[in-house]
Amino acid sequence: MTTYNLNSFGILKKYKNFLEPKDLPLISMGEGNTPLIEAPQLASITKANVYLKLEGCNPTGSFKDRGMVVAISGAIKENKGHIICASTGNTSASASAYGARYGLQTIVIVPESNIAKGKLSQALAYGARVFAIRGNFDNALDLVKEAGEQLNVEIVNSINPLRIEGQKTAAFEIIENLGNSPDMVFIPVGNAGNITSYWKGFKEYLNFSKSTKTPNMMGFQAEGSSPIVNNKIVESPETIATAIKIGNPASWEGALNAKKESEGIIDSVSDQDIIDGYLFLARKEGVFCEPASAASVAGLIKLSKNGFNFSGKDIVCVITGNGLKDPDIPLKYSGIDIEVINPNIGELNKKMEKNEFT
Ligand code: F0G
């Protein structure tokens, strides 16, 4: 038999000894092992060493794949035929992909409006049953919890502990890349599963790696959807960052615990901060992410402007999802008009305001 040198081993195989339970089927679509890149422009405004963890490089374009591969492996082990999730888009895209690949019928419950086009397109392409509810994400999650109790389906939202297990592997990778834990991790917060996972990962890997410390976890919600910051459920959350438009996060306690134990913060950023951070990332660092992902960078810029001293610190911003997920945003906020011209060099030359080519 020919042995191929495939590089799609994924997190289940790589971190087999660090994931519970230990006897899960080792399925993979090549998730994890995402780039950690330097962010020189952010470094220059903060005087810190800033790195971006590009989770949009996962197979379905977001960090969800790390947790989903573990949750799906669990569903396969339990012989479940159906999986179900509520989603602002990325969880549904990820569940649908793994469901398709491993022969599980995927049921997706999304809020009727405000699902970014790229994410909805993924669920449709992968062949999921998609139900749009008259309500928001929190209502969708309530329905999914009821379905989990009454129907023979496996819930693959982050209330499934296997999701949290898988997502903690991003912290392992950061430690491996930097040779230690960073001083701070900036991360967007929606349902709060990811901040819970990262914190678990940083703590657990202390004993098994070169890591000698744990980072301050710096979580950022969107201002109009900031229940944790205000310590109050938001009945009608609002934000341009639809991925984190959540008023009653399932892992609320996990986020508070991460904040407390790590001596971090949970703060909010405005939609304007998010768009500014989004355009900064794209135009200064060449990184195209979705709006929710930019909340991490927007948080860093906000604190820096407020006089926070980051000098000399190692800082990681988690860039949770790919920009192509939400293609309407640049069309609306880029500030660039597409000019229609004839295919004529004279006309092109005339259109150029400055003499850029000479
Ligand atoms: N960034 C992106 C791109 C997301 O899709 C999400 C959550 C978050 C950040 C926040 O992560 O919920 O663990 O705090 N998206 C979920 C979904 C809710 O349904 O796709 P969290």
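The structure we're discussing is the one just above.
A short tour of the structure in this document, coming up. Note that the structure is a prediction, hence the values are computed from the model and not measured. (Residues numbered from 1 in each chain as written. Predicted model: local features only at pLDDT ≥ 70, side-chain atom pairs only at ≥ 80, totals over all residues. Heavy atoms only, no water.)

Regarding its fold elements, the chain presents 15 helices and 10 strands. A globule of 358 residues ought to have a C-alpha radius of gyration of about 21 Å, and the chain, at 21 Å, matches this closely. Taken along its principal axes, the extent of the C-alpha atoms in the chain is 65 × 60 × 50 Å. Long-range contacts, defined here as pairs at least 24 residues apart, represent 72% of the contacts in the chain between residues at least 6 apart. Each charge class in the chain was averaged separately, 36 positive and 38 negative side chains, and the resulting centres sit 3 Å apart. (Helix = DSSP H or I, 4+ residues; strand = E, 2+ residues; numbered from the N terminus. Rg over C-alpha atoms; globule rule 2.2 N^0.38 Å. Contact = heavy atoms within 4.5 Å. Lys, Arg positive; Asp, Glu negative; His and termini not counted. Charge placed at Lys NZ, Arg CZ, Asp CG, Glu CD.)

All right, on to helix H13 (residues 291-305) then. The periodicity of an α-helix, 3.6 residues per turn, causes residues three or four places apart in sequence to face the same way. Here H13 spans 20 Å end to end across 15 residues, near enough to the 21 Å set by a 1.5 Å rise per residue. Along its length, H13 reaches its greatest deviation from straightness, about 30°, at valine 297. Counting buried positions along H13 yields 13 of 15 residues, so the element is predominantly enclosed. (Expected span 1.5 Å × (residues − 1). Bend = angle between axes of the 7 residues up to and from the residue. Buried < 20%, exposed > 50% of the residue type's maximum accessible area, 1.4 Å probe, protein only.)

With that settled, the discussion passes to the site of the ligand. Around the ligand sit 19 residues, and of these Asn90, Gly190, Asn191, Ala192 and Thr320 come closest. A distance of 2.8 Å separates an oxygen atom of the ligand from a polar backbone atom of threonine 88. One of the side-chain nitrogen or oxygen atoms of asparagine 90 is found 2.8 Å away from an oxygen atom of the ligand. Broken down by class, the residue content of the shell around the ligand amounts to 7 nonpolar, 10 polar and 2 charged. Composition of the shell around the ligand by domain shows at least three residues from each of domain 1 (6-62 + 163-333) and domain 2 (64-160). (Near = heavy atom within 4 Å. Polar contact = N/O pair within 3.5 Å; in protein donor to acceptor, adjacent residues only side chain to side chain. Nonpolar A, V, L, I, M, F, W, Y, C, P; charged D, E, K, R; others polar. Domains from an automatic or database assignment.)

A few words now on the sheet that holds strand S6 (residues 154-155). Strand order in the open sheet formed by 4 strands is S5-S4-S3-S6, and the pairing between neighbours is parallel. The sheet is open, and its two borders are formed by strand S5 (129-133) and S6, each paired with just one other strand. (Pairing = 2+ DSSP bridges.)

Relative to S5, strand S4 (residues 105-111) runs parallel, the two sharing 5 bridges. In the strand pairing of S5, isoleucine 107 is matched with arginine 129.

Each packed pair of helices is defined by two parameters, the angle between the axes and the distance between the axes. It is at 9 Å that the axes of helix H3 (residues 64-77) and helix H4 (residues 90-101) come closest, and there the two elements cross at 45°. As summarised for this structure, H3 and H4 are arranged oblique, according to the angle between their axes. The element H3 and its partner H4 pack so that their crossing is right-handed. The residues of H4 that touch H3, namely those facing Lys64, Asp65, Met68, Val69 and Ile72, are Asn90, Thr91, Ser94, Ala95 and Tyr98. Each residue belonging to the contact of H3 with H4 can be placed in one class, and the counts come to 5 nonpolar, 3 polar and 2 charged. (Axes fitted to C-alpha atoms, helices over the stretch in contact; angles between N-to-C directions. Parallel < 35°, antiparallel > 145°, perpendicular 65-115°, else oblique. Left-handed = near helix turned anticlockwise from the far one by under 90°.)

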